[in-house]
Amino acid sequence: MKTAVIGYPRIGALRELKFATEQYFKGDLTEVELQKSAAQLRKRHWDKQLNKGIDFISSNDFSLYDNVLDTAVLLNAIPKKYQQLKLTPIDQYFAMARGYQGEQGDVKALAMKKWFNTNYHYIVPEIEDETRLSLVGNKPFEEFEEAKNNGVITKPVIIGAFTFLKLAKYTGQKQANDFIEDIVTAYVNIIETFEKLGAEWIQFDEPSLVMDLTKEDQTLFKQLYTEILERKGSIKVLLQTYFGDIRDIYQTAIDLPFDGLGLDFVEGRKNLTLINEFGFPNDKILFAGVINGKNIWRNRYDQTVLLINQLKVKSPSIVLNTSCSLLHVPYTLDNEHKLADTEKQHLAFAEEKLTELIELSDILKEENYQDNLEFKTRKFIFDNRDHFENLVVQDRVKSLTEQDFQRQPAFSERERLQREKFNLPSLPTTTIGSFPQTLDVKENRARFKKGEISLEHYTAFNKQKIAECIALQEDIGLDILVHGEFERNDMVEYFGEHLEGFIFTQNAWVQSYGTRCVKPPIIWGDVSRTSPITVEYSVYAQSLTNKPVKGMLTGPITILNWSFPREDISLKDCVLQIALAIREEVLDLEKEGIRHIQVDEAALREKLPLRKSDWYSEYLDWAIPAFRLVHSGVRPETQIHTHMCYSEFSDIIEDIDQMDADVITFEASRSDLSIVDVLRENQFKTQVGPGVYDIHSPRIPSVPEIKAVITHILEKMPLEKVWVNPDCGLKTRGNKEVAESLRNMVEAVNEVKREL
Ligand code: GLN
Ligand code: ZN
């Protein structure tokens with residue numbers, strides 16, 4: 001059985017591409033040098049796959065910034081505002097990606113959006129009425145030739161016409177349908193060019209096919225590919241889908257004259273059923289996505305072999321494939337020097353996944369594959385996994401009852417009690433938690449981690465910072481203070497490090513946007529809390545002031561969503577374990593006199609399933625209760641806050657209200673505040689703090705500007721429901737701008753109140 005890879009990571013095993021592009025932006029590297037290091041990375045990645053023996057190796061999976069942006073540029077979807085800058089092609093490209101401010105003008109970047117259900121973000125192409133989509137670029141062809149010169153005939157990969165049109169934003173009157181003719185011609189030209197260059201296969205990535213598709217979507221897809229494939233010549237075309245199943249378009253996909261169809265059998269829950277029900281044509285090759293491209297666990301060969309055997313019944317020719325691009329997993333275990341061998345043997349990053357493809361293909365060749373040594377060892381490893389099982393935690397999860405998810409008394413009663421008890425001024429002011437992580441703060445942490453300073457020294461420094469932070473907030477006149485989070489590197493890693501059940505890598509970076517990466521912890525076993533995590537610093541902060549200090553925690557859904565999850569237990573069980581751990585922390589904070597506790601759920605929306613019909617059964621039905629479990633044990637007069645980093649939640653607004661927090665703060669300043677209308681229409685009960693200024697920019701918002709925002713909010717919301725705060729944590733900002741911005745915020749509140 002042959003093997004294929006949908007796409008390979010491109011950042012470099014040691015993030016070489018990130019450092020090279022950053023140097024280029026600073027002017028420390030020329031374009032030629034940047035392109036040279038990019039070419040080295042491509043060569044390294046092709047060689048890796050070639051040496052492992054992969055049959056279908058991709059090209060054009062590389063990108064200096066983002067593949068969707070590459071496709072936009074390839075197809076001439078370059079908005080006027082960037083053309084007018086008259087930059088070199090590469091700088092025009094980066095201007096679209098990151099914005100441009102300089103001698104040639106001042107233009108913002110194109111928008112960025114989450115790539116389906118991953119943590120990767122793509123650049124949203126903008127199509128104007130004047131845009132003429134046509135093949136104008138060379139990148140895919142150059143990279144194909146480059147690979148050819150390196151001895152590999154690759155299968156070039158391009159975002160398909162359907163997905164491209166679906167992801168683009170239309171700025172004028174025209175819509176996707178108005179561009180069909182042009183885009184068909186462009187794709188036919190792409191195919192023809194590849195044919196001339198000697199490509200045997202071309203892969204069109206169409207992940208948009210796994211979404212809920214309307215009749216119009218289905219018609220659009222059919223029309224595009226009927227026309228493209230009519231003129232395709234002798235090259236073979238692979239329709240590649242991933243991140244789910246294609247239940248809305250399966251019949252059309254198998255009816256059209258594609259030569260191969262790539263289906264995801266990891267996340268595509270219904271793909272196997274579709275094949276069983278509707279069959280699979282004999283003249284097509286099934287690229288079976290069986291190696292998980294998103295998670296880092298070793299493949300269970302025994303289960304995969306069973307699956308392949310089922311597929312074989314319906315499809316005579318199968319190629320073993322990854323479930324999606326390996327972009328979403330780290331490079332290699334070779335760079336992990338701190339993980340134990342007993343841990344490593346359960347993990348597979350990109351390189352190890354290549355080995356798995358080859359091993360699987362060998363196993364499947366054998367009549368008596370059960371005897372294959374590799375097969376046996378692999379099964380043995382899984383049957384004997386030591387993963388700090390914690391029976392107490394397992395029991396606690398099993399014995400949870402309805403009441404554990406229900407805080408008492410009901411919201412309105414708590415609201416009344418809390419109002420009496422706290423007697424806060426109207427429009428209370430607060431912040432989201434973190435204060436600037438200045439160089440000294442990071443250095444203190446780094447030196448402690450390296451063992452250069454003692455725990456006493458490390459803690460004393462943090463306490464000094466907390467004292468300064470409390471003094472500053474008192475001086476500014478904020479109502480609810482925070483300790484500043486100086487002890488935290490990252491809101492998830494910090495809790496992971498203090499909970500039992502997580503393991504950490506040194507170099508397992510995964511691309512998040514542009515060349516930025518994150519390093520998610522791995523949930524290895526049952527999660528539990530062995531001792532209090534945040535209590536000491538919060539209590540210390542509270543001892544310094546008469547104003548209330550808010551305790552600050554990361555919520556279970558966010559911890560789960562920003563980690564690599566286990567696959568041997570359900571996400572539901574896993575999140576409930578984490579919720580129980582955070583719940584203990586909440587109760588300890590309460591016991592020590594902390595009256596306001598914020599449980600951040602920055603990433604709640606991230607893993608919302610792609611199909612609306614799956615939202616509840618696959619996610620919200622356990623995610624929302626997990627949050628409720630965290631705080632259902634507190635007294636009526638303890639005020640629970642939560643925070644979310646975005647305001648696009650109008651479609652799940654009721655579910656967010658059902659989290660039953662007392663106060664929620666969220667990003668709103670950049671999103672024209674339309675969310676406030678939605679809150680009103682839905683009679684949102686939770687008190688709200690829509691961010692009144694954007695912390696993602698170093699700009700200092702003026703008093704009148706913030707006043708206008710507050711006034712706008714008050715036109716829509718009752719005064720007693722509204723809090724005033726920035727839209728996210730302040731850790732990426734500098735001390736000076738933070739102090740000035742917060743002073744302006746408090747002044748704006750005072751002016752608004754005087755005028756009430
Ligand atoms: N409390 C965290 C902070 O202030 C929240 C971070 C976030 O929302 N991403 O940094
Ligand atoms: Zn935030």
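With an unreviewed UniProt entry as reference, the chain is termed 5-methyltetrahydropteroyltriglutamate--homocysteine methyltransferase, source organism Amphibacillus xylanus. Listed under Catalytic activity (unreviewed entry) in UniProt, the entry text for the chain is "5-methyltetrahydropteroyltri-L-glutamate + L-homocysteine = tetrahydropteroyltri-L-glutamate + L-methionine". Here the chain is described in UniProt, under the heading Function (unreviewed entry), as follows: "Catalyzes the transfer of a methyl group from 5-methyltetrahydrofolate to homocysteine resulting in methionine formation."

J.: With reference to specific residues and values, describe the overall build of the chain.
T.: Counting secondary structure elements, the chain contains 28 helices and 23 strands. For a compact globule of 756 residues, the expected C-alpha radius of gyration is about 27 Å, and the chain comes in at 27 Å, within 12% of that figure. Dimensions of the chain, computed from C-alpha atoms along their principal axes, come out at roughly 75 × 65 × 50 Å. Taking all 756 residues of the chain together, the buried fraction comes to 46%. Considering only intrachain contacts with a sequence separation of at least 6, the fraction spanning at least 24 residues in the chain is 79%.

J.: Which residues make up the site of ligand 1, and what values do they have?
T.: With respect to spatial proximity, 13 residues lie near ligand 1, and among them I432, G433, S434, A602 and G729 are the closest. By residue class, the composition of the shell around ligand 1 is 6 nonpolar, 4 polar and 3 charged.

J.: So, the nonpolar core: which residues are in play, and what are the values?
T.: Within the largest apolar cluster, 204 residues are counted, with the highest numbers of intra-cluster contacts made by A288, F349, V575, I578, A579 and I710. Among all residues touching I710, those that are not within four sequence positions of it are V692, V724, A748, V749 and V752.

J.: If you had to explain the UniProt feature "binding site: 5-methyltetrahydropteroyltri-L-glutamate" (unreviewed entry) in the chain to someone new, which residues and values would you point to?
T.: Mapped onto this numbering, the UniProt entry gives "binding site: 5-methyltetrahydropteroyltri-L-glutamate" (unreviewed entry) at R15, E16, L17, K18, K114, N119, R516, C517, W562 and E606. These annotated residues cover 592 residues of sequence, and their C-alpha atoms sit far apart, with the largest distance between any two at 27.6 Å. Relative to the elements of secondary structure, L17 occurs in helix α1 (residues 16-26). Taking the C-beta count within 10 Å as the criterion, L17 has 24 such neighbours and is therefore assigned buried.

J.: Give a detailed account of the sheet that holds strand β11 (residues 236-240), specifying residues and quantitative values.
T.: Strand pairing in a sheet takes place through backbone hydrogen bonds and is either antiparallel or parallel in direction. Strand order in the open sheet formed by 8 strands is β1-β14-β13-β12-β11-β10-β8-β2, and the pairing between neighbours is parallel. Of all strands in the sheet, those with a lone pairing partner are β1 (2-3) and β2 (58-59), marking the two edges. Summarising the sheet, β1 and strand β14 (residues 318-322) pair through 2 bridges and their orientation is parallel. Residue pairing in the sheet places K2 in a bridge with V319 of β14. Along the sheet, helix α12 (residues 301-314) contacts β13 (285-291) and β14; its crossing angle with β13, the most-contacted strand, is approximately 165 degrees.

J.: An account of the UniProt feature "binding site: Zn(2+) 1" (unreviewed entry) in the chain is needed here, citing residue identities and associated values.
T.: Under the local residue numbering, the UniProt record ascribes the feature "binding site: Zn(2+) 1" (unreviewed entry) to H643, C645, E667 and C728. The named residues occupy 86 residues along the chain; their greatest pairwise C-alpha distance, 8.7 Å, places them in one compact cluster. Sequence-distant contacts of C645, that is, excluding residues within four places in its chain, are made with A602, E667 and C728. Its location among the elements puts C728 in the loop between α27 (703-716) and α28 (735-755).

J.: So what about helix α2 (residues 31-52)? Which residues, and what values?
T.: Its 22 residues place the ends of α2 32 Å apart at the C-alpha level, agreeing with the 32 Å of an ideal helix rising 1.5 Å per residue. Along α2, the residues that are buried comprise A38, R42, H45, W46 and Q49. The arc that holds the buried residues of α2, viewed along the axis, is 95 degrees, so those residues lie on one side. Opposite the buried face of α2, by more than 90 degrees, sit the exposed residues V32, K36 and N51. The elements touched by buried residues of α2 are α1, α6 (139-149) and α14 (350-365). The first or second residue beyond α2 is G53, which carries a positive phi of 100 degrees.

J.: An account of the sheet that holds strand β20 (residues 596-600) is needed here, citing residue identities and associated values.
T.: The parallel open sheet is built from 5 strands, whose spatial order is β19-β20-β21-β22-β23. Every other strand in the sheet has two partners, leaving β19 (550-554) and β23 (687-690) as the edge strands with one partner each. On average, each strand axis in the sheet is inclined to that of its neighbour by 20 degrees, with strand direction left out of account. Where strand β21 (residues 639-644) meets strand β22 (residues 663-666), 4 bridges bridge the pair, whose relative direction is parallel. Its bridge partner being in β22, H641 is matched across the sheet by V663.

J.: For the environment of L629, give the residues involved together with the corresponding values.
T.: Here L629 is to be found in helix α24 (residues 615-631). The sequence separation of L629 and T515 amounts to 114 residues, and the corresponding C-alpha distance is 37 Å. Apart from residues lying up to four places away in sequence, L629 is in contact with D404, F405, L576, A579, L580 and R583.

J.: Outline the packing of helix α16 (residues 391-398) against helix α23 (residues 571-591), supporting the account with residue identities and numerical values.
T.: At a minimum axis distance of 10 Å, the contact between α16 and α23 shows a crossing angle of 105 degrees. Relative to α23, the element α16 lies roughly perpendicular. Residues V393, R396 and V397 of α16 pack against D573, L576, Q577 and L580 of α23. Residues belonging to the contact of α16 with α23 are distributed by class as follows: 4 nonpolar, 1 polar and 2 charged.

J.: Which residues make up unusual backbone geometry, and what values go with them?
T.: The omega angle of the peptide bond from Q408 to P409 is -15 degrees, so this bond is cis rather than trans. When you line up the elements, P409 lands in the loop between α16 and α17 (411-422). Positive phi, normally seen in glycine, also occurs at Q683, with a value near 45 degrees. By secondary structure assignment, the location of Q683 is in the loop between α26 (674-681) and β23.

J.: I'd love a proper account of the pairing of strand β10 (residues 201-205), names of residues and values included.
T.: Put simply, side chains in a regular strand alternate between the two faces of the sheet. For β10, a buried count of 5 out of 5 residues is recorded, marking the element as mostly surrounded by other parts of the structure. Note: strand β8 (residues 155-159) against β10, 3 bridges, orientation parallel. Across the sheet, residue I158 finds its bridge partner in β10, namely F204. Two elements, β10 and β11, share 5 bridges in a ladder whose sense is parallel. When the bridges of β11 are listed, I202 appears paired with V237. With respect to chirality, the unit in which β10 leads through helix α9 (residues 215-230) into the neighbouring parallel β11 is right-handed.

J.: Go over the packing of α23 against α24 with me, naming the residues and quoting the values.
T.: Two numbers describe how α23 lies on α24: the axes approach to 7 Å, and their chain directions differ by 20 degrees. In terms of their interaxial angle, α23 and α24 are classed as roughly parallel. Along this stretch, α23 crosses α24, giving a crossing that reads as right-handed. Of α24, the residues touching α23 (which contributes K572, V575, L576, A579, L580, I582, R583 and V586) are W622, A623, A626, L629, V630 and H631.

J.: Kindly report on the environment of G555, identifying the contributing residues and their values.
T.: Mapped onto the secondary structure, G555 falls in the loop between β19 and α22 (556-561). Between the C-alpha atom of G555 and that of T642, which follows or precedes it by 87 residues, the distance is 8.6 Å. Setting aside residues no more than four positions away along its own chain, G555 makes contact with I582, V599, D600, E601, F627, V630 and T642.

J.: Give me α24: which residues, what numbers.
T.: Over its 17 residues, α24 runs 23 Å from end to end, which matches the ideal 24 Å to within 8%, given 1.5 Å per residue. Among the residues of α24, those classed as buried are Y619, A623, I624, P625, A626, F627, L629, V630 and H631.

J.: Please set out the confidence of the model for the chain residue by residue, giving values where relevant.
T.: When pLDDT drops low, the exact placement of atoms in the prediction is not to be read closely. Summarising the model, the chain shows a mean pLDDT of 95, and 100% of its residues fall at 70 or more. Overall fold confidence for the complex sits at a pTM of 0.94, while the interface term, ipTM, reaches 0.99.

Criteria and cut-off values
Residues numbered from 1 in each chain as written. Chains lettered and ligands numbered in written order. Predicted model: local features only at pLDDT ≥ 70, side-chain atom pairs only at ≥ 80, totals over all residues. UniProt positions renumbered as here; feature names shortened; annotations may be inferred. Helix = DSSP H or I, 4+ residues; strand = E, 2+ residues; numbered from the N terminus. Rg over C-alpha atoms; globule rule 2.2 N^0.38 Å. Buried ≥ 20, exposed ≤ 12 C-beta atoms within 10 Å, placed from the backbone. Contact = placed C-beta atoms within 7 Å. Near = placed C-beta within 6 Å. Nonpolar A, V, L, I, M, F, W, Y, C, P; charged D, E, K, R; others polar. Core = buried A, V, L, I, M, F, W, Y, C linked by C-beta atoms within 7 Å. Pairing = 2+ DSSP bridges. Axes fitted to C-alpha atoms, helices over the stretch in contact; angles between N-to-C directions. Expected span 1.5 Å × (residues − 1). Arc of directions from axis to C-beta. Parallel < 35°, antiparallel > 145°, perpendicular 65-115°, else oblique. Right-handed = clockwise from strand over helix to strand, strands pointing away. Left-handed = near helix turned anticlockwise from the far one by under 90°. pLDDT = per-residue confidence, 0-100.

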